[in-house]
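# Summary of the model geometry
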Amino acid sequence: MEGDGVTIRVASTDEELRFYFESAEREGWMPGPHDVAAFRLIDPDGMLVAVDASGTVVGGIVAAAYDSSYGFIGLYIVRPDWRGRGVGLQLWRRALDHLGARTIGLDGVPAQQSNYAKWGFVKAYDNVRYVVHGPACACGGTASTAAATAAAAEPAPALPGTADAAACRLVCPAADVPRAALEQYDRALHPAPRPTLLHAWLRLPGTASAALCTSDGTVVGFGAVRQAAGGGWRVGPLAADTPAHAARLLEHLRTAVPQHACMSLDVPAANVCALHLMAHVRADRTPHACGRMYTRAPPALALHRVFAVLSLELG
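Reading the values: rules and limits
- Residues numbered from 1 in each chain as written.
- Predicted model: local features only at pLDDT ≥ 70, side-chain atom pairs only at ≥ 80, totals over all residues.
- Heavy atoms only, no water.
- Helix = DSSP H or I, 4+ residues; strand = E, 2+ residues; numbered from the N terminus.
- Rg over C-alpha atoms; globule rule 2.2 N^0.38 Å.
- Buried < 20%, exposed > 50% of the residue type's maximum accessible area, 1.4 Å probe, protein only.
- Contact = heavy atoms within 4.5 Å.
- Areas by Shrake-Rupley, 256 points an atom, 1.4 Å probe, with all protein chains shown as cover.
- Lys, Arg positive; Asp, Glu negative; His and termini not counted.
- Charge placed at Lys NZ, Arg CZ, Asp CG, Glu CD.
- Polar contact = N/O pair within 3.5 Å; in protein donor to acceptor, adjacent residues only side chain to side chain.
- Phe/Tyr/Trp six-rings, centres within 6.5 Å; stacked < 30°, edge-to-face > 60°.
- Lys NZ or Arg CZ within 6 Å of the ring centre and 35° of its normal.
- 1 Å grid on protein atoms, 1.4 Å probe; cavity = no way out; pocket = protein on both sides within 12 Å on 5 of 7 lines; lining within 4 Å.
- Points joined across faces, edges and corners; volume = space filled by probe spheres on them.
- Nonpolar A, V, L, I, M, F, W, Y, C, P; charged D, E, K, R; others polar.
- Expected span 1.5 Å × (residues − 1).
- Core = buried A, V, L, I, M, F, W, Y, C linked by side-chain atoms within 4.5 Å.
- pLDDT = per-residue confidence, 0-100.

## Here we look at the overall build of the chain
For the chain, the helix and strand inventory stands at ten helices and 14 strands. Relative to the 2.2 N^0.38 estimate, which gives 20 Å for 315 residues, the radius of gyration of the chain is 20 Å and therefore close to what a compact globule would have. In terms of overall dimensions, the chain has C-alpha extents of about 60 × 40 × 35 Å along its principal axes. The buried share of the chain, reckoned over its 315 residues, is 53%. Sequence-distant contacts, at least 24 apart, represent 73% of the contacts inside the chain between residues at least 6 apart. On the chain, roughly 13,000 Å² of surface is accessible, and the fraction owed to carbon and sulfur atoms is 55%. The averaged location of the 28 negative side-chain charges in the chain is 2 Å from the averaged location of its 27 positive side-chain charges.

Here you go:
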């Protein structure tokens, strides 16, 4: 596909694949250094880049076909000096062509949601970024000054399911749980099966993970934290039956992070249980939010179990 001297093709070289991470880092999206390698496992042919006549990458988009019925668009970036020249539209159309008749999801920043709506995307809910600071709050983080003052005056709200969560067995890393059990739990959390991504994600270098299981081995939650660009850490996924189960997992994940580092979580605002957990751990809500949008009716998910999405970039 040609236009303005640009060719759209499948990313194949290390330089082309590095474009996604380096560009996302410049945009402040806090990618993990190994995220792209994991994303590529889903659908290598959906890793699309725009290159100029010299072969330099000037834009990219990922259109991941999870299966024959569902796909997700993310990491949609055009180099600043190439914006306004139609490169983004070429990438976008190629991504839609690649995904075909599938239901398509994406996480859109507020400024772009009206543009996505013109292409048939409808907002289902917001994913909002929260940050847990330092070593001293309920999940192992230190609240900001304002939150700490409020915390001193008012105890954290109680979490339902505390006794059940305490009775569960903590399995570290989560990859030690039988694959089928993790896949079964994750299946209710995502519109399409994603076993290849899930197991690779939990094993990425520098990632810590844990799962909670009942005495009979039933999975009732799991989560992971990974280092991100800019020195921060991102929690995702974090999934659990109750806020108390999620809190126990988050407390454990905090032990894998440097004492004074921040942990960021992208939380579905439609899950009131997740918002309850954020209040309990005195996390700070940031201005960063993306709208989860779909081309068809929102898939039926156990959203009450999703306390942090795996990744805004690929759902």
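## Here we look at the side chain of N271
Mapped onto the secondary structure, N271 falls in the loop between β12 (263-268) and α10 (272-280). In terms of polar contacts, N271 uses its side chain to reach the backbone amide nitrogen of C273, at 3.0 Å. Among residues more than four places away in sequence, those in contact with N271 are L303, H304, R305, V306 and F307.

## A closer look at the packing of aromatic side chains
Enumeration over the complete set of coordinates arrives at ten aromatic pairs. With centroids separated by 5.7 Å and ring planes inclined at 15°, the aromatic side chains of F39 and W201 adopt a geometry described as stacked. Of the two residues, F39 sits in helix α2 (residues 35-40) while W201 sits in helix α8 (residues 195-202), which places them 162 residues apart along the sequence. One exposure class covers both F39 and W201, and it is buried. Three or more aromatic residues joined by ring pairs make a cluster, and in this case those are Y76, W92, Y116, W119 and F121. Above the face of the W82 ring, R85 is positioned so that its terminal group lies 3.8 Å from the ring centre.

## Some words on the layout of surface pockets
Space inside the largest pocket adds up to approximately 780 Å³. If you list the elements that add at least two residues to the lining of the largest pocket, you get β5 (70-78), α3 (87-99), β6 (103-108), α4 (110-118) and β13 (284-294). Among the elements that make up the lining of the largest pocket, the one with the highest residue count is β5 (six residues). Taken together, the residues of the lining of the largest pocket sort by class into 16 nonpolar, seven polar and six charged.

## Things to note about α3
The end-to-end C-alpha separation of α3 is 19 Å, in line with the 18 Å expected for 13 residues at 1.5 Å each. Those residues of α3 that fall on the buried side of the exposure criterion are V87, G88, Q90, L91, W92, A95, L96 and L99. Two residues or fewer past α3, G100 is found with a positive phi of approximately 60°.

## Quick word on the nonpolar core
Ranked by internal contacts, the top residues of the largest apolar core, which has 48 residues, are Y20, Y66, L197, F222 and L314. Every residue in contact with L314, bar those within four places of it in the chain, is listed here: F39, I42, V62, A64, Y66, F72, G74 and H190. Counting 33 residues, the second largest nonpolar core, distinct from the first, contains L249, A261, A274 and L277.

## Remarks on the confidence of the model for the chain
When pLDDT is averaged along the chain, the result is 92; 91% of the residues meet or exceed 70. Segment residues 147-152 is flagged for pLDDT under 50; beyond a separation of four residues in sequence, or across chains, it makes four contacts in the model.

## With respect to empty space enclosed by the protein
Enumeration according to the criterion identifies two cavities of 30 Å³ or more in this entry. The volume enclosed by the largest cavity comes to roughly 120 Å³. Along the wall of the largest cavity there are 16 residues; nearest its centre are L189, R194, V306, V309 and G315. At the level of elements, β11 (233-240) and β14 (306-308) are the ones that each hand at least two residues to the lining of the largest cavity. For the lining of the largest cavity, the element with the most residues is β11, which contributes three residues. Taken together, the residues of the lining of the largest cavity sort by class into twelve nonpolar, two polar and two charged. Taken as a whole, the second largest cavity spans an internal volume of roughly 30 Å³.

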